[in-house]
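Below are the chains, spelled out letter by letter.
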Amino acid sequence: MHGLVDQLRIVRDELVKVEKRIVAQHRADDASRRLATIPGIGPITASAIAAAVPDATLFKSGRQFAAWLGLTPRTHSSGGKERLVGITKQCDGYIRRLLVIGAPR
């Protein structure tokens with residue numbers, strides 16, 4: 001058991017180092033800092049979005065960005081009746097997971 005405890009401590013120390021590097025990069029990136037002003041988005045999520053999104057001006061609205069991430073329901077309409085089905089789950093699952101976990105309740 002002592003060996004497992006030692007391994008957990010090593011992993012915890014490595015996680016702290018990685019998180020410090022992410023926060024340092026976040027503080028150096030203007031886009032990442034602006035993203036972090038949104039409620040529910042911290043340095044890790046902001047850094048991931050800033051790294052994954054090539055150019056935010058490509059999206060006309062927040063809904064279009066959410067659709068690109070796969071967070072909006074897909075629509076099927078026929079005969080004037082609109083149905084919403086499940087989310088598309090396209091694009092980056094890691095960013096989608098970060099946004100869902102960090103969403104304000």
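Scroll up to find the structure this text is about.
Residues numbered from 1 in each chain as written. Predicted model: local features only at pLDDT ≥ 70, side-chain atom pairs only at ≥ 80, totals over all residues. Heavy atoms only, no water.

(A) Layout of the packing of aromatic side chains. Taken as a whole, this structure holds three aromatic pairs when the rule is applied. For the pair phenylalanine 59 and tryptophan 68, a centre-to-centre distance of 5.4 Å together with 55° between the ring planes defines the contact as tilted. For the ring pair phenylalanine 65 and tryptophan 68, a centre distance of 6.0 Å and an interplane angle of 25° mean the geometry is stacked. You can see phenylalanine 65 and its partner tryptophan 68 sitting in helix α4 (residues 62-69), three residues apart, about one turn around the helix. Judged by relative accessible area, which is 31%, tryptophan 68 ranks as partly exposed. Through a chain of ring-to-ring contacts, three or more aromatic side chains come together here, namely Phe59, Phe65 and Trp68. (Phe/Tyr/Trp six-rings, centres within 6.5 Å; stacked < 30°, edge-to-face > 60°. Helix = DSSP H or I, 4+ residues; strand = E, 2+ residues; numbered from the N terminus. Buried < 20%, exposed > 50% of the residue type's maximum accessible area, 1.4 Å probe, protein only.)

(B) Spatial organisation of the pattern of salt bridges. Applying the stated criterion across every chain yields a total of five salt bridges. Between aspartate 6 and arginine 9 there is a salt bridge; the shortest N-O distance is 3.7 Å. Residue aspartate 6 and its partner arginine 9 are both found in helix α1 (residues 2-28); the two are separated by three residues, about one turn of the helix. Judged by its relative accessible area of 44%, arginine 9 falls in the partly exposed class. Residue arginine 34 is joined to aspartate 30 by a salt bridge in which the shortest nitrogen-to-oxygen separation is 3.3 Å. Of this pair, arginine 34 and aspartate 30 both sit in helix α2 (residues 30-35), four residues apart, roughly one helical turn. (Salt bridge = Lys/Arg side-chain N within 4 Å of Asp/Glu carboxyl O.)

(C) Looking closely at helix α5 (residues 93-102). Listed as buried for α5 are Ile95, Arg96, Leu98 and Leu99. When α5 is viewed along its axis, its buried side chains cluster within an angular range of 160° and face the same direction. Opposite the packed face of α5, turned more than 90 degrees from it, sit the exposed residues Arg97, Val100 and Ile101. (Arc of directions from axis to C-beta.)

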